[in-house]
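# Overview (structure and organization)
Given next are the chains, with one letter for each unit.
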Amino acid sequence: MKFDTPAGANPIDRMKVVGKPTDRIDGKLKTTGTAPYAYERHDVVPNQAYGYVLGSAIAKGRINRFDLAEAKAAPGVLAIVTTLDMPRLKRGQQNIAYLFGGAAIQHYHQAIAIVVAETFEQARAATALIRVDYARERGRFDLATEAKTAPLFGGSSGEGSSAPPIERVGNFEGAFEAAPVKVDSVYTTPDETHAMMEPHATIAAWEGEKLTLWTSNQMIAWSKGDVAINLGISPKNVRLDSPFIGGGFGGKLFVRSDAVLAAIGAKAAKRPVKLALSRPIIANNTTHRPATIQRIRIGANRDGKITAIAHESTSGNLPDGKPETAVSQTKLLYAGENRLIAMRLAEMDLPEGNAMRAPGEAPGMMALEVAMDEAAEQLGIDPVEFRIRNDTQFDPEDPKRRFSQRQLVECLRQGATRFGWSRRNPKPAQIRDGRWLVGMGVAAGFRNNLLMKSAARVRLDGRGIVTVETDMTDIGTGTYTILAQTAAEMMGLPIERVVVKLGDSDFPVSAGSGGQWGANNSTAGVYAACVKLREQVAQRLGLTGDVDFTDGQVRAGGRSVALADAARGGELVAEDTIEYGDLDKTQQQSTFAAHFVEAAVDAFTGEIRVRRMLAVCAAGRILNPKAARSQVIGAMTMGVGAALMEELAVDKRFGFFVNHDLATYEVPVHADIPYQEVIFLDEVDPMSSPMKAKGVGELGLCGVGGAIANAVHNATGIRVRNYPITLDKLLDRLPEIA
């Protein structure tokens, strides 16, 4: 199905199933521990052995030799494969780091060997017996140092966030110089790790030349192709199966060493091999969100209208890597005739920087939304009002291009009313609650809507059951449920009459899960397949004209026939793909939010407590408000982590992330998170898809960090521009206690 004209009225608009706050189909499996995650697929293939990965102890250099004598003699060992046993594997299309093979070391904990043994404990013990002779080389590990000579560098996150090396509109320098009110500030965000609950894990089994991987992966088709490239085999000989994923946040968009080494180990041991990466290996061996250094300049007139805005960002990555596109949202979010956008990329020898939830916008808005508050403070204008005055219904870089939907002002106004913003004291450090200094902060939220081709297959059997098959994944987002809702709405069935099967590369290729593109595109693919199935049903039942599918019945021309009757003579199968025209090019498609936070800071210790949080979101049709709310409050929680605690500490001597486990890399726990309220504006976007939906998973994160930083400033009068905002950055500047 080609979607190249705005969506008109269609069966989804009935909203009998779609749009209802529906419990997740997979919820019972998750809560009872019976959902089959990758490492727990004990039943898929017999005689599984255990693999364990050895990571490099240096960050840059070469391996001279291995001493494997003790390891090979250890109990239970079946096979050992080292990186010197094969040439460097080709990189997949999505990889920046090389995953295995050859003597060269690119980063700390690069996989350099796999041990396969009868038990996990035997594999781990034998790995510790491997002796490695390294030739260490000097590496580049400090972004601040490397940023001084970093060249201009454009790039894309692959998730709708992108920018050229440098882009100018108007005369920024002249307008900024002439502006009566100016902000010129530098902000930093640290390296972060995904810290998902389920580790990267794979079970690999060979049957002749055919390889099956039961793995944890967000993008099945991408990864099937990359596994084939990595291992030098035909894609038709690779199958991935990933029905349940215990979190990914972008860290499982790509093939990592667990999948490749499980396959290599299985071939060497002539046994199926299961392998899970340990937490330290995950932090240093997979991917992470790169640190940024961002300079933002805003020039405004006394009336609060922005006349000049510039956002420049520097990040680092391995050679051939991409920048963190932190400037992307600034191209679109606020008006201003004179604009400057620039990105720089430093080559570094730290582990691979790549997508982490809302790459680009998440760290970019942690800086932009604080700079907006700084400008509002200088102007003496309320921060909500300042943002409203600089709203635009057009692309600021191309005024001929409208936004398909843009309700940012309504998000801000509704949020301010609901949150009690009028009670905020604009003068910082004035509100006390006992020993606590209390403040409020606001930030806009922004994330683009990304359209991606997505396919599905639907089956109708003689019992009237509809089965959906697609390689789409569920990373804890509720995909099973919204696909079932879509098929139920289209075929006129209760959701209980729909079965959804996901994550198998033998199924039609979907959009996959990432960048908040999954829900809109995968449901649109199911919609397209159901349109074909409806046509087959009508044809088999001899119904013509306006055919209605309701309550398990098919009605037309005064006749009413049970849907199941269409498949009495045999199963009906339909498959189709949603493909997009250029509607996203003729009108800018984005999602918007307003984030409000109340924070308290201990006047004695500088300890920060978030007390209240509100997100008001405008993101097209909300397919399942219950699941969408869960996505947003989870993203808001991640925003608390980014603002207040998450930071991979870099050892700048030896080039590794020191706090590479969940004991020392801090993430929010229940005690850190207050009541969270989420409001969805009533909105449909017919320019987006037949579902008239967009996405909301990333939007719930974008802006949260800035709102927290602004609340801390309102509480204390202290402006912290270097995340995370920890008490040591407040202690020596806290207001004197009377």
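Residues numbered from 1 in each chain as written. Predicted model: local features only at pLDDT ≥ 70, side-chain atom pairs only at ≥ 80, totals over all residues. Heavy atoms only, no water.

As annotated in an unreviewed UniProt entry, the protein chain carries the name Xanthine dehydrogenase and is attributed to Allosphingosinicella deserti.

### A word on the overall build of the protein chain
Each helix and strand in the protein chain was counted, giving 16 helices and 34 strands. Taken over the C-alpha trace, the protein chain has a radius of gyration of 27 Å; the compact-globule value for 738 residues is 27 Å, and the two agree within 12%. The buried share among the 738 residues of the protein chain stands at 63%. Pairs at least 24 apart in sequence give 80% of the contacts found in the protein chain among residues at least 6 apart. Here the protein chain contributes 85 positive and 85 negative side-chain charges, whose respective centroids are spaced 1 Å apart. (Helix = DSSP H or I, 4+ residues; strand = E, 2+ residues; numbered from the N terminus. Rg over C-alpha atoms; globule rule 2.2 N^0.38 Å. Buried < 20%, exposed > 50% of the residue type's maximum accessible area, 1.4 Å probe, protein only. Contact = heavy atoms within 4.5 Å. Lys, Arg positive; Asp, Glu negative; His and termini not counted. Charge placed at Lys NZ, Arg CZ, Asp CG, Glu CD.)

### Re the nonpolar core
One finds Ile-298, Leu-333, Phe-596, Leu-644, Ile-708, Ile-725 and Leu-730 to be the most contacted residues of the largest nonpolar core, which totals 91 residues. A per-element tally of this core places helix α9 (residues 361-379) first, with 11 residues. Those residues in contact with Phe-596, other than ones at most four positions away along the chain, are Val-384, Cys-411, Leu-412, Gly-415, Ala-416, Phe-419, Trp-421, Gly-441, Val-442, Arg-612, Met-613 and Leu-614. Within the second largest apolar cluster, 55 residues are counted, among which are Phe-3, Leu-541, Leu-563 and Ala-693. (Core = buried A, V, L, I, M, F, W, Y, C linked by side-chain atoms within 4.5 Å.)

### Some points on the domain arrangement of the protein chain
Interfaces are often sized by the accessible area lost when the parts come together. Partitioning the protein chain into domains gives domain 1 (2-35 + 451-585), domain 2 (49-137 + 207-272) and domain 3 (397-448 + 589-737). Computed from C-alpha atoms alone, the centre-to-centre distance between domain 2 and domain 3 is 38 Å. Counting residues at the interface gives five residues for domain 2 and five residues for domain 3. Between domain 2 and domain 3 the total buried area reaches about 380 Å² when both faces are included, carbon and sulfur atoms providing 74% of it. Applying the counting criterion to the domain 2 and domain 3 interface returns zero salt bridges. Partitioning the side of domain 2 that touches domain 3 into residue classes produces three nonpolar, one polar and one charged. (Domains from an automatic or database assignment. Buried area = accessible area lost by both parts, 1.4 Å probe. Salt bridge = Lys/Arg side-chain N within 4 Å of Asp/Glu carboxyl O. Nonpolar A, V, L, I, M, F, W, Y, C, P; charged D, E, K, R; others polar.)

### Brief notes about helix α3 (residues 120-127)
Each full turn of the α-helix corresponds to 3.6 residues, which orients residues three or four apart in the same direction. Among all positions in α3, only Ala-123, Ala-126 and Thr-127 are buried. One side of α3 carries all its buried residues, which in axial view fall inside an arc of 100 degrees. Buried residues along α3 sit in contact with β2 (49-55), α2 (69-73), β4 (77-82) and β6 (111-117). (Arc of directions from axis to C-beta.)

### Let's talk about the UniProt feature "domain: Aldehyde oxidase/xanthine dehydrogenase a/b hammerhead" (unreviewed entry) in the protein chain
When the UniProt feature table is mapped onto this chain numbering, "domain: Aldehyde oxidase/xanthine dehydrogenase a/b hammerhead" (unreviewed entry) sits at residues 32-138. With 13% helix and 33% strand, residues 32-138 has end C-alpha atoms that lie 50 Å from one another. (UniProt positions renumbered as here; feature names shortened; annotations may be inferred.)

### A short note on unusual backbone geometry
Residue Tyr-723 is joined to Pro-724 through a cis peptide bond whose omega torsion reads -5 degrees. Of note, Pro-724 is situated in the segment after α16 (704-716). With phi around 60 degrees, Lys-692 is a residue other than glycine that occupies positive phi space. In this structure, Lys-692 sits in the loop between β34 (675-680) and α16. Among the residues examined, Lys-692 registers a relative accessible area of 8% and is labelled buried.

### Observations concerning helix α7 (residues 257-269)
Look at α7: 17 Å from first C-alpha to last across 13 residues, which is about the 18 Å you get at 1.5 Å a residue. Taken together, the buried positions of α7 are Ser-257, Asp-258, Ala-259, Val-260, Leu-261, Ala-262, Ala-263, Ile-264, Gly-265, Ala-266 and Ala-269. At the exit of α7 stands Lys-270, carrying a positive phi of roughly 55 degrees. (Expected span 1.5 Å × (residues − 1).)

### Regarding the environment of Ala-603
Among the structural elements, Ala-603 can be located in the loop between β30 (590-602) and β31 (608-618). Contacts of Ala-603, omitting those with residues within four sequence positions, involve Arg-432, Arg-435, Leu-437, Leu-734 and Ile-737.

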